[in-house]
Amino acid sequence: MGSRASTLLREEEIEEIKKETGFSHSQITRLYSRFTSLDKGENGTLSREDFQRIPELAINPLGDRIINAFFPEGEDQVNFRGFMRTLAHFRPIEDNEKNKNPPTSEPLNSRTNKLLFAFRLYDLDRDDKISRDELLQVLRMMVGVNISDEQLGSIADRTIQEADTNGDNSISFSEFIKVLEKVDVEQKMSIRFLH
Amino acid sequence: MASPGVRVLLLLVLVSSAHGDASGINRTRGNRTLTPEEEEDSQQHHNNTKAFPVLSFNFEHVRKPFEISLWILLALLMKLGFHLIPRVSHIVPESCLLIVVGLLVGGVIKALDSDASDTNSSVPVLNTKLFFLYLLPPIILDAGYFLPIRHFTENLGTILMFAVVGTLWNAFFIGGMMYGVCQIEAAQLGDVDLLSCLLFGSIISAVDPVAVLAVFEEIHINELLYILVFGESLLNDAVTVVLYHLFEEFSHAGTVTITDAFLGVICFFVVSLGGVMIGLIYGIVGAFTSRFTLHSRVIEPLFVFLYSYMAYLSAEVFHLSGIMSLIACGVAMRPYVEANISHKSYTTIKYFMKMWSSVSETLIFIFLGVSTVAGPHVWNWTFVIFTVILCLVSRVLGVVGLTFIINKFRIVKLTKKDQFIVAYGGLRGAIAFSLGFLLTDTHMKTMFLTAIITVIFFTVFVQGMTIRPLVELLAVKKKKETKRSINEEIHTQFLDHLLTGIEDVCGHYGHHHWKDKLNRFNKTYVKKCLISGERSTEPQLISFYNKMELRQAMMLVESGSLAVLPSLTSMQNIQPRDTVKQRVIPSISKRREEEIRKMLRSNLQKTRQRLRSYSRHDLMMDPFEEDLSEVKFRKQRVEMGRRVRLTETHLNVHNSLSFKGMVSQMGYSMPLQGGERKENKQMKALKMWGFIMFIFS
């Protein structure tokens, strides 16, 4: 089995992750066991292949993009910290957090940060705008192969026109937020982790 | 006024009777007022001694349909009347007014009949069969077919908790406390035993969907609260049915054992799940049938109604929950049926359902009023007062207690405001009354009925009237009026996929995972069976988009903006650019093309007729149709105009050529419009048309 002492989770690490992400102790340990079960190479980090081994992710239209979202810029491995940091976006917003004095940096699971995460999945080139092509790519992934390019193009055009307020023919982050203001993002982008 | 045919008939009859022929002729005359002896008499007297009745009065013959129609007509006229008195209808909800009308009508009937020998029969009472078999199903079907599925499934756990646990708590609390009250010496209620009290509790505890609908529809509250209260009122039917039958059996048997209680629990599961199962079966069969209705579009709506009604009746046969069966049938059928049927059938279904449910609701409230006047009443102050108080108390306690538990499992917690509205919206209605009516005739029955009616009146009048100002006062979130935009649809689907992926990464089989699995199953197997033609492989996004475009195009057409269509000659003045590329009009399926063609043709023809006196201010638009209001529409036109200007960069003038092609394809000649329209408006409309046709491809 090899020496895994170096990869066991230490108390200090748990505390740090707790502070950074807001997860509770039990959640962190549970997710750590999931992390280790995915980590077939047993080196304390996950590579893209580890993610691709998850069967349901392969049939998910957005599978590749989701996997990419875990890896920081240009890197090929993600450690447990990074894993947790990404997952922290999906923690449900607690009521008592709303009342607390806002910490120095906004918590990872605030509504804006959740939307930013989703926005980044559209906006691959990181120019803070969803262009028509990027939108087309996402639509093509979601809709499948049977729909013609023109039809998708007209849907994309319509989408951009609906959302675009400053006329630059692409959707910026603020426009994105505005369009989704009626959608209950707090509920939609949260996963009920076990307490 | 009589048509020639009738005159000929009369003449014939006269001639034949003058001959004084045999009994055959008498029968063909259809004159049923003649009894057999009288007929013989007239034959014996060969030449009739009395004159031939030119005008005879025969009411018995049409009595039943006449009365029914008269009642319905009265109910609807009342409904009309309320809206003519704006002040009243703003303060008092319609249900209250209808009950008051019922009281008046009942009073009138009773006064008229007070000297007749047979007082009871002529005052129509809300008898149980009429209610459960004819009046209730349309309302439930309407509610179930148009149930907002997304909100319902998202909050299913909460709804079930309220429906099952909440109703049980209500029933036992009220029943138990009433038994305690009955033990008080001063109330003279000593003979009411525990089981009867529990039976009473189970009848009065259920929140009534009809009353909830009637009141909540007018206050336009946000979807979450609406679906919580309404969903609860629908799903508690199973609990009510089981409890009612249970306690009724027991009150005859006299004693309860543990086995009976256990059987009761099993019965609950059988009733609810069995009802849902029957509904699903009928729903699937109905969806399958709609696959083949391509050539008989006219009867499509009937299938929906009949299958649903059969689901209800079949469930009632086995004493399963008819309401849940009806809801399940509607929910199961809807996505597939809507993909298969024509647009007109869809509109027909929608409006017929709304019409029937509206009539039913009106009749129910009027009959409630009438039955109140008619029925024998036993008024016992203690019993009634305590019932009302206990209903309120148990509802509040139940809601607060359950919310405390539920909030531990919810992502979006229920606030105190939400809890208040849920508790306050627990209205009782006609179901409680009908169940009470079904009770076997003991001397307690009338007392129970009186108490039930009092509670119903209290909830409908007091709570119904005050809930609107309270909603305003507490600034509860209202329903958002705008329809879903394409952005919301795309991004919501995107988020669904994202969340499913994240759940898979965590190894957590949550809500999204199962929903995704169900969708996949639906797409690969079920849709192929139940949807005809190539619509079966159409992704949800595309059908949403098509529906949206269709809706917008029809709105444009109906408002007559296409009166701006240019003549063919003026189109030839448009100089095509040199760099014109031969763009092939993308092919669309034949069926879609046919539909578009038909729709455009019929609407364009309408436009042509309306053009004689066309001015935007004269245009009659039904404000309730498609939520259309002049302001909104103008905004939309501005948007479309803006979009057209934007798409000028994408679509060049070549579109006008394709438009021409389309026009000649349709074998159409556009009406010549006066030159008072400016050139750019023509261009705008032209491009709008091109854009629309482009979209449809």
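As the structure is a computational prediction, the values presented were derived from the model and not from experiment. (Residues numbered from 1 in each chain as written. Chains lettered and ligands numbered in written order. Predicted model: local features only at pLDDT ≥ 70, side-chain atom pairs only at ≥ 80, totals over all residues. Heavy atoms only, no water.)

Counting its regular elements, chain A contains 12 helices and four strands. For chain A, buried positions account for 47% of its 195 residues. Within chain A, residue pairs in contact and separated by at least 24 positions form 57% of the contacts whose partners lie at least 6 positions apart. Accessible area for chain A stands at about 9,900 Å²; split by element, carbon and sulfur atoms hold 49% of it. (Helix = DSSP H or I, 4+ residues; strand = E, 2+ residues; numbered from the N terminus. Buried < 20%, exposed > 50% of the residue type's maximum accessible area, 1.4 Å probe, protein only. Contact = heavy atoms within 4.5 Å. Areas by Shrake-Rupley, 256 points an atom, 1.4 Å probe, with all protein chains shown as cover.)

This next bit is on the packing of aromatic side chains. Residues and elements named next belong to chain B. Counted by the stated rule, this structure contains 36 aromatic pairs over all chains. For the ring pair Phe305 and Phe352, a centre distance of 6.4 Å and an interplane angle of 50° mean the geometry is tilted. Residue Phe305 is found in helix H15 (residues 300-317), and its partner Phe352 is found in helix H17 (residues 343-374); the two are separated by 47 residues along the sequence. Given a relative accessible area of 32%, Phe352 falls into the partly exposed group. Arranged with centres 5.4 Å apart and planes meeting at 20°, the rings of Phe420 and Tyr424 form a pair that is stacked. (Phe/Tyr/Trp six-rings, centres within 6.5 Å; stacked < 30°, edge-to-face > 60°.)

On to the environment of Arg158 of chain A, then. All names here are of chain A. The topology assignment puts Arg158 in helix H10 (residues 149-163). Given the relative accessible area of 5%, Arg158 is considered buried. Sequence-wise, Arg158 and Asp184 are 26 residues apart; in three dimensions their C-alpha atoms are separated by 23 Å.

For the rest of this paragraph, the subject is the nonpolar core. Formed by 127 residues in total, the largest nonpolar core has its most connected members in Phe131, Leu136, Phe216, Ile221, Phe383 and Phe448 of chain B. Among the elements that make up this core, the one with the highest residue count is helix H13 (residues 223-253) of chain B (16 residues). Setting aside residues up to four positions removed in sequence, Phe216 of chain B forms contacts with Ile221, Tyr226, Val229, Ile421, Gly425 and Ile467 of chain B. With 67 residues, the next largest nonpolar core counts Leu87 and Phe90 of chain A together with Leu498 and Tyr545 of chain B among its residues. (Core = buried A, V, L, I, M, F, W, Y, C linked by side-chain atoms within 4.5 Å.)

Quick look at the UniProt feature "domain: EF-hand" (unreviewed entry) in chain A now. Residues and elements named next belong to chain A. The UniProt record annotates "domain: EF-hand" (unreviewed entry) at residues 26-61, 110-145 and 151-186. Taken end to end, residues 110-145 comprises 67% helix and 6% strand; its first and last C-alpha atoms sit 36 Å apart. Each end of residues 151-186 is marked by a C-alpha atom, and these two atoms are 32 Å apart; helix forms 61% of the span and strand 6%. (UniProt positions renumbered as here; feature names shortened; annotations may be inferred.)

Let us now look at the interface of chain B and chain A. Taken together, the contacts link 52 residues of chain B with 57 residues of chain A. Between chain B and chain A, roughly 5,200 Å² of surface is buried when both sides are summed, and carbon and sulfur atoms account for 66% of that area. Considering only the side of chain B, the residues that lose the most area to chain A are Ile411, Phe494 and Val505 of chain B, jointly responsible for 15% of the buried surface there. Here chain B is connected to chain A by two salt bridges. The closest approach of N and O atoms between Glu549 of chain B and Arg158 of chain A, which form a salt bridge, is 2.1 Å. Where chain B meets chain A, there are 10 residue pairs in polar contact (both at pLDDT 80 or more). For the side of chain B that touches chain A, the secondary structure elements donating two or more residues are helix H9 (149-154), helix H22 (486-506), helix H23 (511-530), helix H24 (540-558) and helix H27 (630-647) of chain B. Of all the elements, H22 of chain B adds the most residues to the side of chain B that touches chain A, at 20 residues. Class assignment for the residues of the side of chain B that touches chain A results in 21 nonpolar, 18 polar and 13 charged. (Buried area = accessible area lost by both parts, 1.4 Å probe. Salt bridge = Lys/Arg side-chain N within 4 Å of Asp/Glu carboxyl O. Polar contact = N/O pair within 3.5 Å; in protein donor to acceptor, adjacent residues only side chain to side chain. Nonpolar A, V, L, I, M, F, W, Y, C, P; charged D, E, K, R; others polar.)

Turning to the pattern of salt bridges, a few remarks are in order. For the structure on display, the rule yields 20 salt bridges over all chains. Put simply, Arg10, Glu12 and Glu13 of chain A are held in one network by salt bridges that share partners.

Residue and element names in this part refer to chain B. Mapped onto the fold, Asp516 is located in helix H23. Look at Asp516 and you get buried, because its relative accessible area is 16%. Other than its neighbours up to four places away in sequence, Asp516 contacts His497 and Thr500.

This part is about H23 of chain B. Its maximal kink placed at Lys523 of chain B, H23 of chain B deviates by approximately 45°. Among the residues of H23 of chain B, those classed as buried are His512, His513, Asp516, Asn522, Val526, Lys527 and Leu530 of chain B. Here the buried face of H23 of chain B lies against helix H4 (55-59) and helix H12 (185-188) of chain A together with helix H14 (258-290), helix H16 (322-340) and H22 of chain B. (Bend = angle between axes of the 7 residues up to and from the residue.)

Right, let's get into the state of the cysteines. Chemically, a disulfide is nothing more than a covalent bond linking the sulfur atoms of two cysteines. Residues and elements named next belong to chain B. The tally for this structure, following the rule as stated, stands at zero disulfides over all chains. Not part of a disulfide, Cys96 finds its nearest cysteine sulfur in Cys391, a span of 17 Å. Here Cys96 falls in the buried class, since its relative accessible area comes to 0%. Sulfur of Cys391: no disulfide; nearest cysteine sulfur belongs to Cys197 and is 13 Å away. Judged by relative accessible area, which is 6%, Cys391 ranks as buried. (Disulfide = S-S within 2.5 Å.)

Below, the discussion takes up the side chain of His491 of chain B. On the secondary structure map, His491 of chain B appears in helix H22. Contact partners of His491 of chain B, with chain neighbours within four places excluded, come to Tyr122, Phe176, Val179 and Leu180 of chain A.

Residue and element names in this part refer to chain A. The backbone phi angle of Arg126 is positive, close to 55°, even though this residue is not glycine. As for its placement among the helices and strands, Arg126 is situated in the loop between helix H8 (111-122) and strand E3 (129-130). The class for Arg126 is partly exposed, based on a relative accessible area of 48%.

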